[in-house]
Amino acid sequence: MRTLLLSLLVVSSSVSFAADYSQFQAFDNQISIGYGMKEDQVTNFNGGTNNISDSSMVNLEGERLLNNGIWIDLNANMTFNQGEANIANNPVINKYGFNGKVGYAFQVVDSHLLLTPYAIAGINNNGVAAINSYNDGEQILSKSSNVVANQYYASGGAGGRIEYRINDSILVYADQDLVYNWDQVGYINGVQPQNLYSYTSTIGAKFNLVKDFQLGVKGFYTNYQPDASTSDGAGNALSQAQSSMGALVSVGLTY
């Protein structure tokens, strides 16, 4: 039995040591800046349904795949010039977020297919995602804008990422995560904290066009599921984002 265990340990160590991530590191060791557009679908705002909020976003990302297979991704983003359609005099709402992902990469097909389960944690200003506002006109809208300014989520969850390296110049990937968001604003005017789940699906591609330069593109879709009452004690409706979708183009340096 001792011989068998030692043999398994040696084989396991040899396989782990033999894993070569260099061809994926050529894509995943990168720092980039991106610009994109996003659309939120919001319901129950000021009595309306399916109001649309369009916005622009800037994204900063740093990514690293270590020699031992540990994958790290740090992402900071800002959404701006945002305003809901069909809602008069609604203030511009800026949103921001900082999120980190840590996982371990498994080579499913040597040098071509990489599977990475990961954990995610971050802080995100919830902006349109959950606004403690009432459904009775402009008088309350001014109050809700003050609430939004100080409202943010502590976020945590898990996800998985699959990457396929087509050749030395092109890599495509798909990413799926599930995140729980804890609203850090307490009870306000009878409204409980607006905790919610978010599910984000992403597909993208990385192009190493020339040495040390990378072009990236991606599209994403997020579905929101509230985990709290969507009205106050008096039955007034709250704003709740139902979904978001968007696309982003980035330029960066590989290292």
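Here is what the cut-offs are and how they apply
- Residues numbered from 1 in each chain as written.
- Predicted model: local features only at pLDDT ≥ 70, side-chain atom pairs only at ≥ 80, totals over all residues.
- Heavy atoms only, no water.
- Pairing = 2+ DSSP bridges.
- Helix = DSSP H or I, 4+ residues; strand = E, 2+ residues; numbered from the N terminus.
- Patch = residues over 30% accessible without salt bridge, like charges linked within 9 Å, V, L, I, M, F, W, Y side chains within 5 Å.
- Areas by Shrake-Rupley, 256 points an atom, 1.4 Å probe, with all protein chains shown as cover.
- Salt bridge = Lys/Arg side-chain N within 4 Å of Asp/Glu carboxyl O.
- Buried < 20%, exposed > 50% of the residue type's maximum accessible area, 1.4 Å probe, protein only.
- Contact = heavy atoms within 4.5 Å.

Bridging between strand β6 (residues 113-125) and strand β8 (residues 152-165) involves 13 bridges; their strand directions are antiparallel. Paired with L114 across the bridge in β8 is E163. One ladder, built from 13 bridges, connects β8 with strand β9 (residues 170-183); its direction is antiparallel. Paired with A158 across the two strands is L178, which belongs to β9.

What follows covers the pairing of strand β11 (residues 213-226). For strand β10 (residues 196-210) and β11, the ladder comprises 13 bridges, and the chain directions are antiparallel. If you follow S198 over to β11, its bridge partner there is Y224. Between the antiparallel neighbours β10 and β11 lie 2 residues, among them D212 with a positive phi of about 70 degrees.

A grouping of I70, I72, L74, F98, V102, Y104, F106, V108, V109, L115 and I162 is seen on the molecular surface, where their side chains present a nonpolar patch of about 910 Å² in accessible area. Those elements that place two or more of their residues in the nonpolar patch are β3 (70-84), β4 (95-104) and β5 (106-109). As for its placement among the helices and strands, V108 is situated in strand β5.

In this section: the pattern of salt bridges. Applying the stated criterion to the full structure yields 9 salt bridges. For D40, the salt bridge goes to K38, with nearest N and O atoms at 2.9 Å. The pair D40 / K38 is uniform in exposure class, with both members buried. One salt-bridge network, in which partners are shared between bridges, spans D28, E63, K101, R161, E163, D175 and K206.

Further remarks concern the environment of S169. By the element assignment, S169 lies in the loop between β8 and β9. The partly exposed category is assigned to S169, whose relative accessible area is 35%. In this structure, S169 is in contact with F27, K206, F207 and N208, ignoring residues within four places of it in sequence.

Turning our eyes to something else, we now look at the environment of S243. The topology assignment puts S243 in strand β12 (residues 239-254). Since its relative accessible area comes to 11%, S243 is described here as buried. In the structure, S243 is positioned 202 residues away from Q41 in sequence and 5.4 Å away in space, judged by C-alpha atoms. Discounting residues that sit within four places of it in the chain, S243 has contacts with E39, D40, Q41, Y221, T222, N223 and Y224.

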